[in-house]
Amino acid sequence: MKNSIKNLSVRKMVITSVLGGITAVLGLTPIGLIPVGPTRATTMHIPVIIGAIMEGPLVGAFVGLIFGLISMFQAITNPTPVSFVFLNPIVSVIPRILIGITSHYAYKVLKGLGNKRTLWMLNAIWVSIIGYLIYGIYSGIGSSQTNWSVLINAVFLLLGIVMLYYTNKKLKTQNIEIITSAIVGTLTNTIGVLFSIYILYAESFVEKLGYSVNMARKVIVGIGITNGIPEAIIATIIVTNVIAALKRN
């Protein structure tokens, strides 16, 4: 019994180290933080989600901690105009730790619900995103937003529709709980970081971006859509395939 516990602990430590190392490599290379407008969309949340689903919330939380610390390091060594917000661990670290917790428990709960209910929840997420993007396009056409903003929303709308179709027609009931957990983990990162920024730094954040402070909520929500959708799609594709491969071995 003691040997089993010891082996389990060693396994978790090894996997945490491996996934933490992958996170570090992503954070220190261009593929980890992809520039999107004034901010950066990340792929660094993907090892966190994989660790949380495969090995539990503790492993996910530790890998998320590494993710957060690397974000702080990047803010110091490779700053953008808004990098100052990531010097605060409430913005850069805590939401990343939570990725490992929410994605694990989302997977655990959804696996118990069965494929049909999980598929319904996944569809609800994609439909909500698509609905918001349609509203964004409608508002942009009728306002002073640039054509670029409308075009970005239109591109993401198309991607959202493709993912909705792909989920229902191609994947059917396979790995639905993994896909949904990947999206939940991604949204935890996006919403957690941007909500913290909104609460703590809204005015100074949007001023650094060159916008009026009166547009704080609109700007931050726009960044959430711009970053969150590609991050969710990338996580869906990579996490599903990696975990499926690991489970076959």
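Higher on the page you've got the structure.
Positions within a chain are numbered from 1, following the residues in the order the chain's sequence is written. It should be noted that, the model being predicted, local features are given only for residues of pLDDT at least 70 and side-chain atom pairs only at 80 or more, the latter also being counted only at that level, while totals for whole chains, interfaces and linings use all residues. No hydrogens and no water enter the side-chain calculation; it runs on all heavy atoms of the structure.

Focus: the nonpolar core
In this structure, Ile49, Ile53, Ile178, Val239 and Ile243 are the most contacted members of the largest nonpolar core, which totals 19 residues. By definition, any uninterrupted DSSP run of H or I lasting at least four residues is a helix, any uninterrupted run of E lasting at least two residues is a strand, and each is numbered from the N terminus. Elements that contribute at least two residues to this core include exactly α1 (2–27), α2 (45–55), α3 (57–77), α5 (94–113), α8 (176–208) and α9 (216–248). Ranked by residues supplied to this core, first place goes to α2 with five residues. In what follows, a contact means two residues having at least one pair of non-hydrogen atoms within 4.5 Å. For isoleucine 49, the contacting residues outside a window of four places in its chain are Ile99, Ser103, Ser181, Ala182, Gly185, Thr186, Ala235 and Val239. Take the buried residues of types Ala, Val, Leu, Ile, Met, Phe, Trp, Tyr and Cys, join any two whose side-chain atoms come within 4.5 Å, and each joined set is a nonpolar core. Accessible area is worked out with a 1.4 Å probe on protein chains only. A residue is then buried under 20% of its type maximum, exposed over 50%, and partly exposed in between. Listed in part, the 17 residues of the second largest apolar core include Ile125, Met163, Ile176 and Ile225.

With respect to the packing of α2 against α5
In a pair of packed helices, the angle between the axes and the distance between the axes together describe the arrangement. Across the interface, α2 lies against α5 with an axial gap of 8 Å and an inter-helix angle of 45°. Taken together, the axes of α2 and α5 lie oblique to each other. Considering only the axes of α2 and α5, their crossing is right-handed. Where α2 abuts α5, its residues His45, Val48, Ile49, Ala52 and Ile53 lie against Arg96, Ile99, Gly100, Ser103, His104 and Tyr107. Its residues assigned to classes, the contact of α2 with α5 comprises six nonpolar, four polar and one charged. Angles shown run from 0 to 180 degrees and are taken between the N-to-C directions of axes, each axis being a line fitted to C-alpha atoms and, for helices, limited to the stretch in contact. To sort the angles, those under 35 degrees are grouped as roughly parallel, those over 145 as roughly antiparallel, those from 65 to 115 as roughly perpendicular, and the leftovers as oblique. Helix crossings get a hand from a simple test, with the near helix turned counterclockwise from the far one by less than a right angle marking a left-handed crossing and a clockwise turn marking a right-handed one. Residue type decides the class: Asp, Glu, Lys and Arg count as charged, Ala, Val, Leu, Ile, Met, Phe, Trp, Tyr, Cys and Pro as nonpolar, and the leftover types, Gly among them, as polar.

Observations regarding the environment of leucine 69
Looking at where leucine 69 falls in the secondary structure, it is placed in helix α3. Considered as a pair, leucine 69 and proline 89 are 20 residues apart in the sequence and their alpha carbons are 8.1 Å apart.

Examining a nonpolar patch on the surface
In this scheme, patches are assembled from residues that exceed 30% relative accessible area and form no salt bridge. Like charges are connected within 9 Å, while nonpolar side chains (Val, Leu, Ile, Met, Phe, Trp, Tyr) are connected within 5 Å. For every accessible area listed, the method is Shrake-Rupley and the probe measures 1.4 Å; residues are considered covered only by the protein chains on display. Here, a salt bridge means any Lys or Arg side-chain nitrogen found within 4 Å of an Asp or Glu carboxyl oxygen. A surface patch of nonpolar side chains, about 930 Å² in accessible area, is lined by Ile90, Ile94, Leu98, Ile101, Tyr105, Ile191, Phe195, Tyr198, Ile199 and Leu200. Broken down by secondary-structure element, the contributors of at least two residues to the nonpolar patch are α5 and α8. Of all the elements, α8 adds the most residues to the nonpolar patch, at five residues. Judged by relative accessible area, which is 38%, leucine 98 ranks as partly exposed.

Describing the layout of surface pockets
Using protein atoms alone on a 1 Å grid, points that fit a 1.4 Å probe yet trap it form a cavity, whereas open point sets bounded by protein on both sides within 12 Å along at least five of seven lines form a pocket; residues with an atom within 4 Å of a point count as lining. Grid points are joined across faces, edges and corners, and a volume is the space filled by probe spheres set on the points. Estimated volume of the second largest pocket: approximately 360 Å³. Forming the boundary of the second largest pocket are 16 residues, of which Thr190, Ile191, Val221, Gly224 and Ile225 lie nearest the centre. Only α6 (115–141), α8 and α9 provide two or more residues apiece to the lining of the second largest pocket. A total of eight residues in the lining of the second largest pocket trace back to one element, the largest contributor, which is α9. Grouping the amino acids of the lining of the second largest pocket by side-chain chemistry returns twelve nonpolar, three polar and one charged.

Comments concerning α8
Each residue after the first adds 1.5 Å to the expected span of a helix. Here α8 contains 33 residues, and its C-alpha end-to-end distance of 40 Å is more than 12% below the 48 Å for a straight helix at 1.5 Å per residue. To get the bend at a given residue, fit one axis to the seven residues ending there, fit another to the seven starting there, and take the angle between those axes. By the largest-angle criterion, tyrosine 201 marks the main kink of α8, which is about 100°. Just beyond α8, the residue with positive phi is glycine 210, at close to 90°.

Notes on the packing of aromatic side chains
Any two of the Phe, Tyr and Trp rings considered here, Trp counted by its six-membered ring, make a pair once their centres fall within 6.5 Å; the pair's planes then place it as stacked at under 30 degrees, edge-to-face at over 60, or tilted in between. A complete count under the given rule lists one aromatic pair for this structure. Consider the rings of phenylalanine 84 and tyrosine 201, whose centres lie 5.7 Å apart with planes at 85°: the pair is edge-to-face. Separated by 117 residues along the polypeptide, phenylalanine 84 in the loop between α3 and α4 (89–92) and tyrosine 201 in helix α8 bring together distant segments of the chain. The rule for a charge over a ring is simple: NZ of Lys or CZ of Arg within 6 Å of the ring centre, and within 35 degrees of the ring normal. It is arginine 96 that lies over the ring of phenylalanine 67; its NZ or CZ is 4.2 Å from the centre.

Considerations on the side chain of serine 196
Along the polypeptide, serine 196 turns up in helix α8. The contact partners of serine 196, leaving out residues within four places of it in the chain, are Ile90, Val91, Pro95 and Tyr201.

Side note on the environment of alanine 232
Its place among the elements puts alanine 232 in helix α9. Classification of alanine 232 by relative accessible area gives buried; the value is 2%. Sequence separation of alanine 232 and threonine 43 is 189 residues, and the distance between their C-alpha atoms is 9.4 Å.

Some points on the pattern of salt bridges
Summed over all chains, the structure comprises two salt bridges. Among the ionic pairs, glutamate 55 bridges to lysine 12, the shortest N-O distance being 3.8 Å. Note that glutamate 55 is positioned in helix α2 and lysine 12 in helix α1, a separation of 43 residues in sequence.

Describing α3
The end-to-end C-alpha separation of α3 is 30 Å, in line with the 30 Å expected for 21 residues at 1.5 Å each. Among the residues of α3, Val59, Gly60, Ala61, Val63, Gly64, Phe67, Gly68, Ile70, Ser71, Met72, Gln74 and Ala75 are the ones counted as buried.

Interpretation in functional terms is not warranted from these geometric data alone.
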